[in-house]
Amino acid sequence: MKMHLAPQEILQTIAMVENENLDIRTITMGISLLDCAGDDVQQVEQKIYDKITRQAEHLVSVGESLAARYGIPIVNKRVSVTPVALLGSNFNPEEMVRLAKALDRAAKTVGINFLGGFSALVQKGLTKGDRSLIEAIPQALAETEFVCSSVNIGSTKSGINMDAVLRMGEVILDSARRTAAQDGVAAAKLVVFCNAPEDNPFMAGAFHGVGEPEAVINVGVSGPGVVAHAVKKSPQADLGELANLIKRTSFKITRMGELIGREASQALQVPFGIVDLSLAPTPAVGDSVAEILENMGLERCGAHGTTAALALLNDAVKKGGAMASSHVGGLSGAFIPVSEDAGMIEAVEVGALSIEKLEAMTCVCSVGLDMIAIPGDVEPETIAGIIADEAAIGMINKKTTAVRVIPAIGKKVGDRVEFGGLLGSAPVIKLNPFSSREFIRRGGRIPAPITSLSN
């Protein structure tokens, strides 16, 4: 379906790009690798490499062509694939690492920024393939450049797999230790989900769900600077008027995202999937979700009232996107990654924002605890406790939640980690000093809530 923008919409989009940091954060091609499954790891490696390099051969060039044609920055070109744990049910961890390296070679060949899908879905239990993949994650992420990993450990329908939660606490810590010289960057490429969506174009959590077509184009739009600018221009608006203003702004951003997505779909001859309208910040000044909240009237992000302001923002963004397109999906809302948001970083540094307040904010935002640096001497059970808390919020509230924390090996509260690029930098945040070890080590599964009985 061909989309057309009115001249006024085009002029507004140009102004948002030039003055307010509007961009397409990512065009992500989802690719099914189910036909690459097998028992011979060498054959599976080759099939994976061949299929990705064939299917995504022109992804980068099409993205660059569209950016030049429309004058809209397209920051990332990415690929997501079928959860790799499904491809080799009999493979051992060493063989899973080989598959990760095949993915990395394919990503390098086609020139993309990241590749997601070194993933497992274990909300009710682990298969042999799941165990091998999870065991392989630290080495795979430490020895590859482009590969991202995710593990879904819970859902509203299934409950929370606490054995997997504990294992992921250990895996995150191991990943950080293996890349301690790079401030634990392997952990920055790993996210643990509850209620993971199958069509999310954003890393590190993107994978190509088994309910998706053979290939698909999903677009992630990011416009925190645009929304912050609109809010700042309306200091006298009451909260209802502010919500309507954000809805109208979100509508314009979504229209632009779907236009680019459909153009990419047509050029690549791959079906168009969804627009993920997530306000995903960057370390650049003026591209911050925290700045939106502060423009609403908070002295600092994290002050009392922050969760209410974020709830208003998230809801208005979703309503505006839903009005603009019938194909809004993925996560769609406001992200609050600390290291990737200049305003969040400042709020942590001045003591306005704690991990407890961030957790409260995840009840109403788009995802969860994201890109947070924690002390390097943390126990795996403490990380598991953070994951369990976040998963419980997602399970009970029927929403996607996630944890991406980076243990800063050799560093303490107040020190900084530095990743550069979109991953940014972050101060190490204080954790609760009391232990959850005995609770976490009970194991088993936290049952699904009564609200799961909705059929």
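Refer to the structure above for everything that follows.
An account of the accompanying structure is given in this report. (Residues numbered from 1 in each chain as written. Predicted model: local features only at pLDDT ≥ 70, side-chain atom pairs only at ≥ 80, totals over all residues. Heavy atoms only, no water.)

### Some words on the overall build of the chain
So, point 1. Looking only at helices and strands, the chain has 15 helices and 14 strands in total.
So, point 2. At 21 Å, the chain has a C-alpha radius of gyration in line with the 23 Å of a compact globule built from 455 residues.
So, point 3. In terms of its C-alpha atoms, the chain occupies a principal-axis envelope of roughly 60 × 50 × 50 Å.
So, point 4. In the chain, buried positions account for 60% of the 455 residues.
So, point 5. With the model as given, the accessible surface of the chain reaches about 17600 Å², and the carbon-plus-sulfur share is 51%.
So, point 6. Mean positive and mean negative side-chain charge positions of the chain (42 and 51 charges, respectively) differ by 3 Å. (Helix = DSSP H or I, 4+ residues; strand = E, 2+ residues; numbered from the N terminus. Rg over C-alpha atoms; globule rule 2.2 N^0.38 Å. Buried < 20%, exposed > 50% of the residue type's maximum accessible area, 1.4 Å probe, protein only. Areas by Shrake-Rupley, 256 points an atom, 1.4 Å probe, with all protein chains shown as cover. Lys, Arg positive; Asp, Glu negative; His and termini not counted. Charge placed at Lys NZ, Arg CZ, Asp CG, Glu CD.)

### What about helix α8 (residues 224–232)?
So, point 1. Most of α8 sits out of view: seven of its nine residues are buried.
So, point 2. Buried within α8 are the following residues: P224, G225, V226, V227, A228, A230 and V231.

### Some points on the packing of α8 against helix α9 (residues 239–268)
So, point 1. Contact geometry for α8 and α9: axes closest at 10 Å, N-to-C directions at 145°. Here α8 and α9 pass one another in a crossing that is right-handed. Contacts between α8 and α9 involve V226, V227, A230 and V231 on the former and, on the latter, L242, L245, I246, T249 and I253.
So, point 2. Among the residues forming the contact of α8 with α9, the class breakdown is eight nonpolar, one polar and no charged. (Axes fitted to C-alpha atoms, helices over the stretch in contact; angles between N-to-C directions. Left-handed = near helix turned anticlockwise from the far one by under 90°. Contact = heavy atoms within 4.5 Å. Nonpolar A, V, L, I, M, F, W, Y, C, P; charged D, E, K, R; others polar.)

### Some thoughts on the nonpolar core
So, point 1. One finds L103, F118, I137, I153, M168, M296 and L313 to be the most contacted residues of the largest nonpolar core, which totals 136 residues.
So, point 2. Excluding residues within four positions of it along the chain, L313 makes contact with V227, I246, L279, V289, I292, L293, M296 and A334.
So, point 3. Counting 15 residues, the second largest nonpolar core, distinct from the first, contains F202, F207, A280 and L331. (Core = buried A, V, L, I, M, F, W, Y, C linked by side-chain atoms within 4.5 Å.)

### Description of the packing of aromatic side chains
So, point 1. Applying the stated criterion across every chain yields a total of one aromatic pair.
So, point 2. Between F202 and F335 the ring centres are 5.2 Å apart and the planes differ by 75°, which places this aromatic pair in the edge-to-face class. Highlighted residues: F202 in the loop between β6 (190–194) and β7 (215–222) and F335 in the loop between β9 (333–334) and α12 (342–349), separated in sequence by 133 residues. For the pair F202 and F335, a shared accessibility class is recorded, and that class is buried. (Phe/Tyr/Trp six-rings, centres within 6.5 Å; stacked < 30°, edge-to-face > 60°.)

### Focus: the pairing of strand β11 (residues 401–408)
So, point 1. Burial analysis of β11 places eight of its eight residues in the buried class, the great majority of the element.
So, point 2. Residues T401, V403, V405 and P407 point to one face of β11 and A402, R404, I406 and A408 to the other, with burial holding for every one of them.
So, point 3. Note: β6 against β11, three bridges, orientation antiparallel. Among the inter-strand pairings, F193 is bridged to a residue of β11, identified as A402.
So, point 4. Judged from the six bridges that link them, strand β10 (residues 369–375) and β11 form a sheet pairing that is parallel. For L369, the partnering residue across the bridge sits in β11 and is V403.
So, point 5. Since β10 and β11 lie parallel, the crossover through helix α14 (residues 380–397) that links them has a hand, and here it is right-handed. (Pairing = 2+ DSSP bridges. Right-handed = clockwise from strand over helix to strand, strands pointing away.)

### So, the pattern of salt bridges
Any two side chains of opposite charge can pair, on the condition that their charged atoms come close.
So, point 1. Tallying each qualifying case throughout the model produces 21 salt bridges.
So, point 2. Its salt-bridge partner being R441, residue E170 comes within 3.9 Å of it at the nearest N-O pair. A residue pair is termed long-range when its members are at least 10 positions apart, and E170 in helix α6 (residues 162–178) and R441 in the loop between α15 (437–440) and β14 (445–446) qualify at 271 residues.
So, point 3. When the shortest N-O distance is used, the salt bridge between R404 and D370 registers 2.8 Å. Of this pair, R404 sits in strand β11 while D370 is found in strand β10, placing the two residues 34 residues apart along the sequence. In this structure, R404 and D370 share a single accessibility class: buried.
So, point 4. Among the charged side chains, a salt-bridge network with shared partners connects E135, R167, E170, E381, R437 and R441. (Salt bridge = Lys/Arg side-chain N within 4 Å of Asp/Glu carboxyl O.)

### With respect to the environment of A67
So, point 1. With respect to the element layout, A67 can be found in helix α3 (residues 59–70).
So, point 2. Measuring from C-alpha to C-alpha, the distance between A67 and D23 comes to 9.6 Å, with 44 residues separating the pair along the chain.

### Topic: the packing of α9 against helix α11 (residues 306–324)
So, point 1. It is the contact of α9 with α11, at a shortest axis distance of 7 Å, that shows an interaxial angle of 45°. Considering the angle they form, α9 stands oblique to α11. The element α9 and its partner α11 pack so that their crossing is right-handed. Contact residues: α9 offers L239, A243, I246, K247, S250, F251, T254, R255 and E258, while α11 offers L312, L313, A316, V317, K319, G320, G321, M323 and A324.
So, point 2. When its residues are assigned to classes, the contact of α9 with α11 shows ten nonpolar, four polar and four charged. (Parallel < 35°, antiparallel > 145°, perpendicular 65-115°, else oblique.)

### Quick notes on the layout of surface pockets
So, point 1. In this structure, the largest pocket spans a volume of roughly 610 Å³.
So, point 2. Mapped onto the lining of the largest pocket, the elements with two or more residues apiece are β2 (74–81), α5 (128–142), α7 (185–188), β6, β10, β11 and β12 (416–420).
So, point 3. With three residues, the top contributor of residues to the lining of the largest pocket is β11.
So, point 4. Of the residues assigned to the lining of the largest pocket, the class counts are 23 nonpolar, ten polar and seven charged. (1 Å grid on protein atoms, 1.4 Å probe; cavity = no way out; pocket = protein on both sides within 12 Å on 5 of 7 lines; lining within 4 Å. Points joined across faces, edges and corners; volume = space filled by probe spheres on them.)

### Focus: α14
So, point 1. Helix length check: α14 (18 residues) gives 26 Å between terminal C-alpha atoms against 26 Å at 1.5 Å per residue, within 8%.
So, point 2. Within α14, 13 of the 18 residues are buried, which leaves it mostly tucked inside the rest of the structure.
So, point 3. Directly beyond the C-terminal end of α14, a positive phi value near 55° is found at K398. (Expected span 1.5 Å × (residues − 1).)

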